[in-house]
Amino acid sequence: MALVPLDLPDPTTWRGRWAALAAVQAASGHGERCRALWPLWHYDDGHGSWADLHHLDEGRAVLLGQDRNDSETFYAEASDFFEERETDLLDGAPEWWEPPVRRVRDAELFLGFVYGYDGSTWHRADYELDDGFTSVGLPLLTTALTRGKILATVERMPDAGGGRPPFEAIDALIAADGEVDAAMVAAVAPATGWTRTPARRRPARSSRTTRHRADPAGGRAAGRSCRTA
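Residues numbered from 1 in each chain as written. Predicted model: local features only at pLDDT ≥ 70, side-chain atom pairs only at ≥ 80, totals over all residues. Heavy atoms only, no water.

## Brief notes about the overall build of the protein chain
At step 1: Scanning the protein chain from N- to C-terminus turns up 7 helices and 7 strands.
At step 2: In the protein chain, the succession of helices and strands from N to C terminus is β-α-β-β-β-β-α-α-β-β-α-α-α-α.
At step 3: Expressed as a percentage of its 229 residues, the buried residues of the protein chain come to 45%.
At step 4: Considering only intrachain contacts with a sequence separation of at least 6, the fraction spanning at least 24 residues in the protein chain is 63%. (Helix = DSSP H or I, 4+ residues; strand = E, 2+ residues; numbered from the N terminus. Buried < 20%, exposed > 50% of the residue type's maximum accessible area, 1.4 Å probe, protein only. Contact = heavy atoms within 4.5 Å.)

Written as structure tokens, this is what we have:
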């Protein structure tokens, strides 16, 4: 079956936003919720809904994840576990989509969506059900969404005193494109205990290595995103 094209941004444009949110989340003590370390970028909402962006070679990428409440697509083991009809998220997909999917399945997590970027266009399998991607609310898709998530994170920090950082400081953090330092973070949020873990740039093709976090689950809460006994 033919894949369905998606209107999503080029993933290379997400780096500054993802790194900025990762830095603020780390300053808030929740660095496990957002990471921008090449080649695997992670986001979760702290309640079991999550998305991972896997950067592959030749400018390709795979974005996958699940909304623990709203994903109506049940793939592979999830279909058996929840006794729901299976949606084949890899139907018609090229082989290079499969390794990130296998990584998630090996971690005993469930998937609601799998999107592939071939260097020019995002695609997904053809199905009518709500896969939960919109409900995950990935805030890295636009600057406005990233600003909103950063503001919400800062306002919950005990040292923030309910204050709102200026948009100029947030935009400077985003514009740093991963080259974030403590002064930039402090201009946005109380940065006590924050240490610099930059969003690594894509290595040159001749020296690219594959490095992943040891814990693919990224500290996600139990629910539909994780099998339970």
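On we go from here.
## With respect to the nonpolar core
At step 1: Grouped together as the largest cluster of nonpolar side chains are 57 residues, with contacts concentrated most on Trp18, Leu63 and Leu138.
At step 2: A per-element tally of this core places helix H1 (residues 15–27) first, with 8 residues.
At step 3: Beyond its immediate chain neighbours, meaning those up to four positions away, Trp18 contacts Cys34, Arg35, Ala36, Trp41, His42, Tyr43, Leu53, Leu138 and Leu140. (Core = buried A, V, L, I, M, F, W, Y, C linked by side-chain atoms within 4.5 Å.)

## Description of the packing of helix H5 (residues 143–155) against helix H6 (residues 167–175)
At step 1: Running from N to C, H5 and H6 point in directions that differ by 115°, and their axes come no closer than 11 Å. Viewed along their axes, H5 and H6 adopt a mutual orientation that is roughly perpendicular. In this structure, H5 crosses over H6, and the sense of that crossing is right-handed. Of H6, the residues touching H5 (which contributes Thr143, Thr146, Arg147, Ile150 and Leu151) are Phe167, Ile170, Asp171 and Ile174.
At step 2: In terms of residue class, the contact of H5 with H6 is made up of 5 nonpolar, 2 polar and 2 charged. (Axes fitted to C-alpha atoms, helices over the stretch in contact; angles between N-to-C directions. Parallel < 35°, antiparallel > 145°, perpendicular 65-115°, else oblique. Left-handed = near helix turned anticlockwise from the far one by under 90°. Nonpolar A, V, L, I, M, F, W, Y, C, P; charged D, E, K, R; others polar.)

## A word on the pairing of strand S3 (residues 40–44)
At step 1: For S3, the tally of buried residues reaches 5 of 5 residues, placing the bulk of the element in the interior.
At step 2: What you see with S3 is no split at all: Leu40, His42 and Asp44 on one side and Trp41 and Tyr43 on the other are buried throughout.
At step 3: Examined bridge by bridge, strand S2 (residues 34–37) and S3 share 4 bridges and lie antiparallel to one another. Note on S3: the bridge partner recorded for Cys34 is Tyr43.
At step 4: Where S2 folds back on S3, the antiparallel hairpin that results is connected by 2 residues.
At step 5: The sheet contact formed by S3 and strand S4 (residues 50–55) spans 5 bridges and is antiparallel. If you follow Leu40 over to S4, its bridge partner there is His54.
At step 6: Where S3 folds back onto S4 in an antiparallel hairpin, the turn is made up of 5 residues, including Gly46, whose phi is positive at roughly 85°. (Pairing = 2+ DSSP bridges.)

## A look at H5
At step 1: Between the first and last C-alpha of H5 there are 18 Å, a value that for 13 residues agrees with the 18 Å anticipated at 1.5 Å per step.
At step 2: Within H5, the full set of buried residues consists of Thr146, Lys149, Ile150, Leu151, Thr153 and Val154.
At step 3: Looking at the buried positions of H5, the neighbouring elements they touch are H1, S3 and H6. (Expected span 1.5 Å × (residues − 1).)

## Let's talk about the environment of Ser71
At step 1: Among the secondary structure elements, Ser71 is positioned in the loop between strand S5 (61–66) and helix H2 (77–82).
At step 2: Expressed as a C-alpha distance, the spacing of Ser71 and Leu129, which sit 58 residues apart in the sequence, is 8.3 Å.
At step 3: Only 2.9 Å separates the side chain of Ser71 from the backbone nitrogen of Asp67, close enough to count as a polar contact. (Polar contact = N/O pair within 3.5 Å; in protein donor to acceptor, adjacent residues only side chain to side chain.)

## Some remarks on the sheet that holds S3
At step 1: On the basis of which strands lie adjacent, the open sheet formed by 7 strands has the order S1-S7-S6-S5-S4-S3-S2 and antiparallel pairing. Every other strand in the sheet has two partners, leaving strand S1 (4–6) and S2 as the edge strands with one partner each. Within this sheet the neighbouring strands show an average axis-to-axis angle of 20°, counted without direction.
At step 2: On top of the sheet, helix H3 (residues 98–106) reaches S3, S4, S5 and strand S6 (113–117); it is set at about 30° to S5, its chief contact.

## As for the packing of aromatic side chains
At step 1: Evaluation of the coordinates by the stated rule reveals 12 aromatic pairs.
At step 2: Pairing Phe81 with Phe82 gives two aromatic rings, centres 4.9 Å apart and planes at 80°, and the pair type is edge-to-face.
At step 3: Using a relative accessible area of 39% as the deciding quantity, one classes Phe81 as partly exposed.
At step 4: Ring centres of Tyr117 and Trp122 lie 5.2 Å apart, and the angle between their planes is 45°; on these two criteria the pair is classed as tilted.
At step 5: Three or more aromatic residues link up through ring pairs in this structure, and these residues are Trp14, Trp18, Trp41, Tyr117 and Trp122.
At step 6: Over the ring of Phe167 we find Arg147; its NZ or CZ atom is 4.9 Å from the centre of that ring. (Phe/Tyr/Trp six-rings, centres within 6.5 Å; stacked < 30°, edge-to-face > 60°. Lys NZ or Arg CZ within 6 Å of the ring centre and 35° of its normal.)

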